[in-house]
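Survey of secondary and tertiary structure
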Amino acid sequence: MQVVVYPDPVLRRGGKEVTEFTPDLKALADRMFAAMYQEGGVGLAAPQVAIELKLLVLNPEGNTKDRSGERVLCNPKITRKKGREWGEEGCLSFPGIHAEVERWQKITVTYRDLDGTEQSLDTEGWLARIIQHEMDHLDGVLFVDRLSPADRLRVRGTLAELESRASR
Ligand code: CO
């Protein structure tokens, strides 16, 4: 399973609601975790592997040594949010780019797990940031859309390099 890199248009398509909570969905989540760990990420959204579903996987530890923080969120929605905070982010679909993004500091997110059971999670800080970053992918929004004007200028060359790699 390959992680899709900018400017692949699939990244802009986002995902559709998950309606079938089948063993196939579990198998897909497992493959997404494997791809995420292979690339050294802490989160991965289905559109990043060219699958247009509202499904994301994450592990704030980012490695297989501690898998206790693994979560799979289907159809996530933020129902409460508080405080804004800037923090550094990267994205497996944007190799070589790290930049500050403003996110909600505290969120409540409701979602369905792999069994289709509704879950609710109150969280803040790093985990809240990962969830918001991955949720953006489900809507076709990318973290470079949220950069400050100064960072947008700073990363322009790297974006152009990714674009020219894609057209070669
Ligand atoms: Co990303």
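These remarks concern the structure in this document. (Residues numbered from 1 in each chain as written. Predicted model: local features only at pLDDT ≥ 70, side-chain atom pairs only at ≥ 80, totals over all residues. Heavy atoms only, no water.)

1. Looking at the sheet that holds strand S4 (residues 98–112)
Sheet architecture is open: five strands sit in the order S1-S2-S3-S4-S5, paired in antiparallel fashion. Of all strands in the sheet, those bounded by a partner on one side alone are strand S1 (43–45) and strand S5 (118–124). Neighbouring strand axes in the sheet, compared pairwise and without regard to direction, differ in orientation by 35 degrees on average. As judged from the 13 bridges shared by strand S3 (residues 71–90) and S4, these two strands associate in the antiparallel manner. Paired with Glu 88 across the two strands is Glu 100, which belongs to S4. Each of S1, strand S2 (55–58) and S3 touches helix H1 (residues 23–39); the most contacted strand, S2, lies at about 45 degrees to it. Where helix H2 (residues 125–138) meets the sheet, its contacts fall on S1, S2, S3, S4 and S5, and the angle it forms with S3 comes to roughly 115 degrees. (Pairing = 2+ DSSP bridges. Helix = DSSP H or I, 4+ residues; strand = E, 2+ residues; numbered from the N terminus. Axes fitted to C-alpha atoms, helices over the stretch in contact; angles between N-to-C directions. Contact = heavy atoms within 4.5 Å.)

2. Notes on the pairing of S2
Side chains of S2 alternate between two faces, with Leu 55 and Val 57 and Leu 56 and Leu 58 buried alike. Note: S1 against S2, three bridges, orientation antiparallel. Looking at the pairing, Ala 45 lines up with Leu 56 of S2. (Buried < 20%, exposed > 50% of the residue type's maximum accessible area, 1.4 Å probe, protein only.)

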